Amino acid sequence: MKPDEKKKLVNKIFWKIFLVFLVAFFALYVSEATGYYEFEQHKKVILTQEKIKQFEEDVAAGKNVDIKDYMGEKEINYQTKVSDFGFHLSETIGKHIQSGLESTFEFLNQMMEG
């Protein structure tokens, strides 16, 4: 590959990545400016108030109440085999880099002292 072609390819990739970041930034900016986050929080408050009313009605009616029935969102587990692999890979790489740096600094320390 010629240097000019390589430079054009790198330039093209750079501008595509820049454009993706720019679009993402504007999407986040517009969602914040239009109050999307505040609206989502408001919906959660309304939902919570409705659940409190339902709980009070069920207690007044003498029904058997369970707190799990009135909790809003369930905790979702996003853990997959791929994420587990990525986590263990990063842990392993981190341990090897840490031990490599420690032995490098020990070697440099010995060279400076001796």
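In the block above lies the structure referred to throughout.
Residues numbered from 1 in each chain as written. Predicted model: local features only at pLDDT ≥ 70, side-chain atom pairs only at ≥ 80, totals over all residues. Heavy atoms only, no water.

1. Let's talk about a nonpolar patch on the surface
Taken together, the side chains of F14, W15, F18, L19, L22, V23, F25, F26, Y29 and V30 make up a nonpolar region of the molecular surface, amounting to roughly 1,000 Å² of accessible area. Summarising the element assignment, V30 is placed in helix α1 (residues 3–33). (Patch = residues over 30% accessible without salt bridge, like charges linked within 9 Å, V, L, I, M, F, W, Y side chains within 5 Å. Areas by Shrake-Rupley, 256 points an atom, 1.4 Å probe, with all protein chains shown as cover. Salt bridge = Lys/Arg side-chain N within 4 Å of Asp/Glu carboxyl O. Helix = DSSP H or I, 4+ residues; strand = E, 2+ residues; numbered from the N terminus.)

2. Some thoughts on the environment of K81
Relative to the assigned elements, K81 resides in helix α3 (residues 81–113). Residues K81 and Y37, spaced 44 residues apart in sequence, show a C-alpha to C-alpha distance of 32 Å.

3. Topic: the packing of aromatic side chains
The geometry of an aromatic ring pair is captured by the separation of the ring centres together with the interplanar angle, meaning the angle of the planes. Tallying each qualifying case throughout the model produces five aromatic pairs. For the ring pair F14 and W15, a centre distance of 5.3 Å and an interplane angle of 75° mean the geometry is edge-to-face. Measuring from ring centre to ring centre gives 5.5 Å for F25 and F26, while their planes differ by 65°; the resulting arrangement is edge-to-face. For F26, a relative accessible area of 44% corresponds to the partly exposed category. The structure contains a cluster of three or more aromatic residues connected by ring pairs, namely F14, W15 and F18. (Phe/Tyr/Trp six-rings, centres within 6.5 Å; stacked < 30°, edge-to-face > 60°. Buried < 20%, exposed > 50% of the residue type's maximum accessible area, 1.4 Å probe, protein only.)

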